[in-house]
Amino acid sequence: MRQRNLNYIQRGFPELYERIVNIKPDSVRQDFAAIEAMETVSKEIVFVFTGENQEQVRIGSAYDPRHEARIWLQAQDDIQVDNILLFGLGNGAIARTILFQKKGDSKVLIYEPSAQLFLYALQYIDMREFFDTPGVRIIVEGINEDMYSGVMEEMLTLDNYDRKVFIVAPKMAEFFPASRKFFVERYLDGVGRMMSNRNTIRRFLHLSPFNQLHNLQYVEKYTTVPLLARVWEREVPIIIIGAGPSLKEEVDTLRNAGEQAFLFAVDSALPYMLKEGIIPDAYICIEADKPLWFFEDERTKEIPLFCKVDTTHKLLDEHRGYKIFGKDEGFVSKFYQRYHIPESFYRYGGNGATSFFAACKELGAKNVILLGQDMAYGSDKTSHVGGRDEGFVEDDRFLYKNNQGEIVQSRQDWHRFIQWYQNAIPAVRFEHVINTAPRGVHIKGTEYMSLAQALDSLGQKHTPMNELLAKAETTAVYNPHIDLLSFYQSCERERQQIQALTEVDPHDERRKQFRVYELLRLYEIADKQNNFAESQNAGLDMIGNYIAKCMEEVG
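Residues numbered from 1 in each chain as written. Predicted model: local features only at pLDDT ≥ 70, side-chain atom pairs only at ≥ 80, totals over all residues. Heavy atoms only, no water.

Looking at this structure, I do not really get the packing of aromatic side chains. What am I missing?
The geometry of an aromatic ring pair is captured by the separation of the ring centres together with the interplanar angle, meaning the angle of the planes. What the rule picks out here adds up to 35 aromatic pairs. For the pair Tyr111 and Phe182, a centre-to-centre distance of 6.1 Å together with 45° between the ring planes defines the contact as tilted. One end of the pair, Tyr111, is in strand 5 (residues 107-112); the other, Phe182, is in helix 9 (residues 177-203), and 71 residues separate them in sequence. Exposure remark for Tyr111: the relative accessible area of 0% places this residue in the buried category. Aromatic side chains Tyr120 and Tyr124 sit 4.9 Å apart centroid to centroid with 35° between the ring planes, which places their arrangement in the tilted category. Residue class for Tyr124 comes out partly exposed when judged on its relative accessible area of 35%. Put simply, the rings of Phe87, Tyr111, Tyr148, Phe166, Phe182, Phe183 and Tyr187 pair up and form one aromatic cluster. The side chain of Lys323 reaches across the aromatic face of Tyr218, ending 5.0 Å from its centre. (Phe/Tyr/Trp six-rings, centres within 6.5 Å; stacked < 30°, edge-to-face > 60°. Helix = DSSP H or I, 4+ residues; strand = E, 2+ residues; numbered from the N terminus. Buried < 20%, exposed > 50% of the residue type's maximum accessible area, 1.4 Å probe, protein only. Lys NZ or Arg CZ within 6 Å of the ring centre and 35° of its normal.)

Got a minute to help me understand the nonpolar core in this structure?
Across soluble globular proteins, you tend to see nonpolar side chains buried next to one another. Within the largest apolar cluster, 117 residues are counted, with the highest numbers of intra-cluster contacts made by Ile239, Ile240, Leu254, Phe264, Phe306, Phe335 and Phe357. Once residues within four sequence positions are removed from consideration, Phe306 is found in contact with Val225, Leu228, Phe264, Ala282, Tyr283, Ile284, Cys285, Ile324, Phe356, Ala359, Leu363 and Met465. Core analysis: the second largest hydrophobic core is formed by 61 residues, Leu86, Leu99, Leu122 and Tyr161 among them. (Core = buried A, V, L, I, M, F, W, Y, C linked by side-chain atoms within 4.5 Å. Contact = heavy atoms within 4.5 Å.)

I would appreciate a short explanation of helix 9 in the present structure.
Note: α-helices contain 3.6 residues per turn, so residues at a spacing of three or four share the same orientation. The end-to-end C-alpha separation of helix 9 is 39 Å, in line with the 39 Å expected for 27 residues at 1.5 Å each. Turning to helix 9, its buried residues number three or more, namely Ser179, Phe183, Tyr187, Gly190, Val191, Arg193, Met194 and Ile201. Elements in contact with the buried residues of helix 9: strand 4 (83-87), strand 5, helix 7 (148-155), strand 7 (164-168), helix 18 (412-428) and helix 23 (517-526). (Expected span 1.5 Å × (residues − 1).)

Looking at this structure, how should I read the sheet that holds strand 10 (residues 262-266)?
Adjacent strands of a sheet pair through backbone hydrogen bonds, lying either parallel or antiparallel. One open sheet accounts for nine strands, arranged 8-13-12-11-10-9-14-17-18; its pairing is parallel. The outermost strands of the open sheet, each flanked by one partner alone, are strand 8 (223-224) and strand 18 (447-448). (Pairing = 2+ DSSP bridges.)

What is the right way to look at the packing of helix 22 (residues 484-504) against helix 24 (residues 532-554) in this model?
Helix-helix packing is characterised by the crossing angle of the two axes and by the distance between the axes. Closest axis-to-axis distance for the helix 22/helix 24 pair is 10 Å, and the angle between their directions is 160°. Classified by the angle their axes make, helix 22 and helix 24 are roughly antiparallel. Of the two possible hands of crossing, helix 22 and helix 24 adopt the one that is left-handed. Of the residues in helix 24, those in contact with Leu484, Leu485, Tyr488, Gln489, Cys491, Glu492, Arg495, Ile498, Gln499 and Thr502 of helix 22 are Gln536, Asn537, Leu540, Asp541, Ile543, Gly544, Ile547, Cys550, Met551 and Val554. (Axes fitted to C-alpha atoms, helices over the stretch in contact; angles between N-to-C directions. Parallel < 35°, antiparallel > 145°, perpendicular 65-115°, else oblique. Left-handed = near helix turned anticlockwise from the far one by under 90°.)

Would you take a moment to explain the pairing of strand 9 (residues 238-241) for this structure?
Consecutive residues of a regular strand have side chains that alternate between opposite faces of the sheet. Side-chain alternation along strand 9 places Ile238 and Ile240 on one buried face and Ile239 and Ile241 on a second face that is also buried. Two strands pair when backbone bridges link them, and strand 9 and strand 10 are joined in this way by four bridges, in the parallel orientation. In the sheet register, Ile241 faces strand 10, and the bridge partner there is Ala265. Pairing of strand 9 with strand 14 (residues 367-371), which is carried by four bridges, proceeds in the parallel orientation. Its bridge partner being in strand 14, Ile239 is matched across the sheet by Ile369.

Looking at this structure, I do not really get the sheet that holds strand 7. What am I missing?
On the basis of which strands lie adjacent, the open sheet formed by four strands has the order 6-5-4-7 and parallel pairing. Where the open sheet ends on each side, the last strands, each with one partner, are strand 6 (136-140) and strand 7. Here the strands of the sheet are splayed against their neighbours by 15° on average, with no regard to which way each runs. With five bridges connecting them, strand 4 and strand 7 associate as parallel partners. Opposite Phe87, over in strand 7, you have Val168 as the bridge partner. Contacts from helix 9 reach strand 4, strand 5 and strand 7, with the element oriented near 160° to strand 4.

In this structure, what is going on with the environment of Ile94? I would like to understand it.
Here Ile94 is to be found in helix 4 (residues 93-101). The exposure class of Ile94 is buried, given its relative accessible area of 13%. A sequence separation of 165 residues divides Ile94 from Glu259, and the C-alpha atoms of the two residues are 58 Å apart.

Looking at this structure, I do not really get the packing of helix 1 (residues 2-12) against helix 2 (residues 14-22). What am I missing?
The contact between helix 1 and helix 2 brings their axes to 6 Å, and the two run at 140°. Between helix 1 and helix 2, the crossing angle belongs to the class labelled oblique. When helix 1 is examined against helix 2, the residues Arg2, Leu6, Ile9, Gln10 and Gly12 are found in contact with a partner set consisting of Pro14, Leu16, Tyr17 and Ile20. Of the residues belonging to the contact of helix 1 with helix 2, the class tally is six nonpolar, two polar and one charged. (Nonpolar A, V, L, I, M, F, W, Y, C, P; charged D, E, K, R; others polar.)

Looking at this structure, I do not really get the pattern of salt bridges. What am I missing?
Pairing between side chains of opposite charge can happen when their charged atoms approach one another. Taken as a whole, this structure holds 28 salt bridges when the rule is applied. For Arg320, the salt bridge goes to Glu298, with nearest N and O atoms at 3.5 Å. Highlighted residues: Arg320 in the loop between helix 15 (313-318) and strand 13 (323-325) and Glu298 in the loop between strand 11 (282-285) and strand 12 (305-307), separated in sequence by 22 residues. The network of salt bridges with common partners includes Glu298, Lys301, Glu302, Glu318 and Arg320. (Salt bridge = Lys/Arg side-chain N within 4 Å of Asp/Glu carboxyl O.)

Below, the structure written as structure tokens:
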């Protein structure tokens, strides 16, 4: 049974499989003095635990544990929700019942607080449906609990984060109170991220819908990351350059690094690099309203730019160089689908560096070097290169070991990006992820070495960036039938159809069939008026104004 279960896990969750087969037995926390599998009258398995005081506890009926689970679940909250979070896998009876009773598109997180129990259960219970059922993820404390934040990234959206139910299997909270606390807190972290996203939508509501409509003209003229990937030189390492304090220490090596690697600068690193006379191969900007002082140097207008369609239109309008479009969701994704344009698949992590990391995966790069991504304050308590300081805040919730084994101070936003990397690295499977910041936070899955050492080990001569871009298909070449004017006209027709539906019922589900609804839902989520109908009407009016402006631009 164990090998069969491992085969299921390897097929569906390779990162969990690798950890299970490589785990050292003496590293597994012993939660029970003994565990015994007992066959029930109904020929199923339940487990009997022996505690430190030699008291034995059986979890599950000795007669029919699956029937018992059905009866027990009937007394719980309604599970016809979007997200189901189960604390305690045990013998799987409750989890199986949940999978049978849940609505079809619900996502399920099963959190097992005992690696000892999980590894024992592999030998006795068939886990196929837990790893073959779409939307199910398993976190095992002591094996892959560091991936919890990444699972929340996948599960929670602005539409579903509040439609959830917590289910705690019998006895599990009693046995594992600290684990149950962790289980709830990590979920709340995910909700906090969703609320932050909602606040971001509110903040940029005056720009984001217009960015998405207006910037489609640049998608037509230039390319997307998947199209560039078709000509990319995958053996060449990519250096992702952030503005952390350690960038200054490597600047001399960086001057000649472009001969052996591609240099990708995060927007905040760009002014410092240009001041030092270093021109990156590309930089990135994904924010809907990024301050333009980062790009005041005229040279930035010619450097290739990785961006989103939602990136501030003010930057894209002034930028004269090549543009490469990455991950966008909602309305933009519908545009890509309309014209069969290859679109990015890897979810961005919320800032320029993590977005570049995702783009590297899509480009097919084998090796990535992180430079200036300290995610900790410098020794002088500054946050960025060149002494730039965003204010040192001492907070013992965000203390990490750095690459030299010392404790350094991080902060809440960096903490989120650290967690993102630690979930992403085992998933993307680069051959090497090098971190060059000696005082920077040690990120699990990275190797620490200096930039010179990394280049000596991995550096490759390569085709210049401008030549690769010249080889890449633009979206207009890929699909010569793109017609923005007719697309905008169809958007206006859709807007009018939505308007007609809302006049009868503001919540009419038929609105969701239209591409333009993906823009309208931003107004609904933000709901600045705290009145759904008013927010929707205001959104429809603004979208109409934006579409008219875009039609005028291309007409």
